[in-house]
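Residue-level structure breakdown
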Amino acid sequence: MDFIKPIALFFVSPLNITVLLAAIAVLLWRGNKPQTAHRCGLLALTVFIVFSQPYVANLLLYPLEFGSLSVKSEQIVTDSSVDVIYVPACYYETKGEITEVARFSPCSLQRLTQAAILAKQTTARVVVTGGHFLADKEVAYADKAKSLLMALGVAADSISAIAEGTTTMEEIVAARELFANKHVLVVSSATHGYRLQAMFTALAKRMDFYPVDYNSNGDLAVFLSIPSASALESSHKSLYEYAAIIKHILTENS
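I will try to describe carefully the structure that is included in this document. (Residues numbered from 1 in each chain as written. Predicted model: local features only at pLDDT ≥ 70, side-chain atom pairs only at ≥ 80, totals over all residues. Heavy atoms only, no water.)

In terms of helices and strands, the protein carries 10 helices and 5 strands. Taken along its principal axes, the extent of the C-alpha atoms in the protein is 70 × 40 × 40 Å. The burial tally for the protein puts 42% of its 254 residues in the buried class. For the protein, contacts bridging at least 24 residues in sequence account for 69% of all contacts bridging at least 6. Within the structure as shown, the protein displays about 13,700 Å² of accessible surface, and the carbon and sulfur contribution to it stands at 60%. Here the protein contributes 20 positively and 22 negatively charged side chains, and the mean placements of these two sets differ by 5 Å. (Helix = DSSP H or I, 4+ residues; strand = E, 2+ residues; numbered from the N terminus. Buried < 20%, exposed > 50% of the residue type's maximum accessible area, 1.4 Å probe, protein only. Contact = heavy atoms within 4.5 Å. Areas by Shrake-Rupley, 256 points an atom, 1.4 Å probe, with all protein chains shown as cover. Lys, Arg positive; Asp, Glu negative; His and termini not counted. Charge placed at Lys NZ, Arg CZ, Asp CG, Glu CD.)

Rendered as structure tokens:
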């Protein structure tokens, strides 16, 4: 079943679908099927225009970040009742001659910076996870995340770095002993709240979610604009998360 994942990852990208449809249109045109080629090309253009609209991206993101699939505590807990602050992995660039902070993706920086702030407000242990999924397989994400937390002022002895896992579920399972019977505050991207809450149902005594890395502002006012690369990426992120939620539900029920 491993072959299904790359296929699913391909088709949750509107840009990939656009390129695929355009390529099919060219092949149909060369195959003397101009009418079918025209329809396929028109469909490719439609997919591109629709999913590159910021308003469409906002519509897709809203349920995940603000609506029925979002997870928000009535009041985000930052007191002594929190035992663990957990930060799942995002990404760290191992290639190129660039400065250290620049190697962390925006979602990594937001999660780890917020975790460092929270660590100074509580007595909780910070747990970071992430194995050898980076471009350089010798580098573990969790080790780099711990180094950044220390640079931000978090004491080394209050950080647990679990250098395991290439998916969110694998990371959580690798650190599950640290969550047992604990009050866990999870710091992650706003789109991930629903799935993370489902994953923690049977692991922790209590789980609260601290969302960061928003891709929209929750404004659903209708507007049109020229195609936007950022909207295309936001649409991709939301479709990816919906696919991940469906996968988790199917896996849990199988």
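Next comes the rest of the description.
Okay, the pattern of salt bridges next. A complete count under the given rule lists 2 salt bridges for this structure. One salt bridge connects Arg-206 with Asp-208, and the closest N-O pair in it is separated by 2.9 Å. Residue class for Arg-206 comes out partly exposed when judged on its relative accessible area of 40%. (Salt bridge = Lys/Arg side-chain N within 4 Å of Asp/Glu carboxyl O.)

Non-glycine residue Asn-32 carries a positive phi angle of around 60 degrees. The class for Asn-32 is exposed, based on a relative accessible area of 69%. Of note, Asp-213 is a non-glycine position whose phi angle comes to about 55 degrees, a positive value. Mapped onto the elements, Asp-213 comes out in the loop between strand E5 (206-212) and helix H10 (229-253). Accessibility expressed as a relative area gives 11% for Asp-213, which makes it buried.

Right, let's get into helix H6 (residues 141-151). Within H6, the full set of buried residues consists of Tyr-141, Ala-142, Ala-145, Leu-148 and Leu-149. The buried residues of H6 occupy one face: seen down the axis, they fall within an arc of 120 degrees. Looking at the buried residues of H6, the elements they touch are helix H5 (106-119), strand E2 (125-129) and strand E3 (159-162). (Arc of directions from axis to C-beta.)

Attention now goes to the packing of aromatic side chains. In the structure shown here, the tally under the stated rule is 10 aromatic pairs. Between the aromatic rings of Tyr-55 and Phe-223, the centroid separation amounts to 6.2 Å while the plane-to-plane angle is 70 degrees, which identifies the pairing as edge-to-face. Of this pair, Tyr-55 sits in helix H4 (residues 54-65) while Phe-223 is found in the loop between E5 and H10, placing the two residues 168 residues apart along the sequence. Judged by its relative accessible area of 18%, Tyr-55 falls in the buried class. Here Phe-223 falls in the partly exposed class, since its relative accessible area comes to 34%. Between Tyr-86 and Phe-200 the ring centres are 6.0 Å apart and the planes differ by 55 degrees, which places this aromatic pair in the tilted class. Placement of Tyr-86 in strand E1 (residues 84-87) and of Phe-200 in helix H9 (residues 193-200) is noted, with a sequence separation of 114 residues between them. (Phe/Tyr/Trp six-rings, centres within 6.5 Å; stacked < 30°, edge-to-face > 60°.)

Put simply, helix H1 (residues 4-11) and helix H2 (residues 14-30) touch, their axes get as near as 6 Å, and they point 85 degrees apart. When the axis of H1 is compared with that of H2, the two are roughly perpendicular. Here H1 contributes Leu-9, Phe-10 and Phe-11 to the contact with H2, which in turn contributes Asn-16, Ile-17 and Leu-20. (Axes fitted to C-alpha atoms, helices over the stretch in contact; angles between N-to-C directions. Parallel < 35°, antiparallel > 145°, perpendicular 65-115°, else oblique.)

With respect to the helices, strands and loops of the structure, His-183 is situated in strand E4 (residues 183-189). For His-183, a relative accessible area of 3% corresponds to the buried category. Put simply, His-183 and Ala-124 are 59 residues apart on the chain and 9.4 Å apart in space, counted from C-alpha to C-alpha. Within the structure, His-183 has its side chain in polar contact with the side chain of Asp-208 (distance 2.7 Å). (Polar contact = N/O pair within 3.5 Å; in protein donor to acceptor, adjacent residues only side chain to side chain.)

Bringing a nonpolar patch on the surface into the picture now. A surface patch of nonpolar side chains, amounting to about 400 Å² of accessible area, comprises Ile-7, Phe-10, Phe-11, Leu-20 and Ile-24. Within the residue set of the nonpolar patch, elements represented by two or more residues are H1 and H2. For Ile-24, a relative accessible area of 34% puts it in the partly exposed group. (Patch = residues over 30% accessible without salt bridge, like charges linked within 9 Å, V, L, I, M, F, W, Y side chains within 5 Å.)

Turning next to the nonpolar core. Within the largest apolar cluster, 28 residues are counted, with the highest numbers of intra-cluster contacts made by Ile-85, Leu-112, Val-126, Val-128, Tyr-141 and Leu-149. Of all the elements in the fold, those that place two or more residues in this core are E1, H5, E2, H6, E4 and E5. Residues in contact with Val-126, not counting those within four places in the same chain, are Ile-85, Val-87, Ala-119, Leu-149, Val-154, Ser-158, Ile-159 and Ser-160. Core analysis: the second largest hydrophobic core is formed by 16 residues, Tyr-86, Ile-162, Val-184 and Met-207 among them. (Core = buried A, V, L, I, M, F, W, Y, C linked by side-chain atoms within 4.5 Å.)

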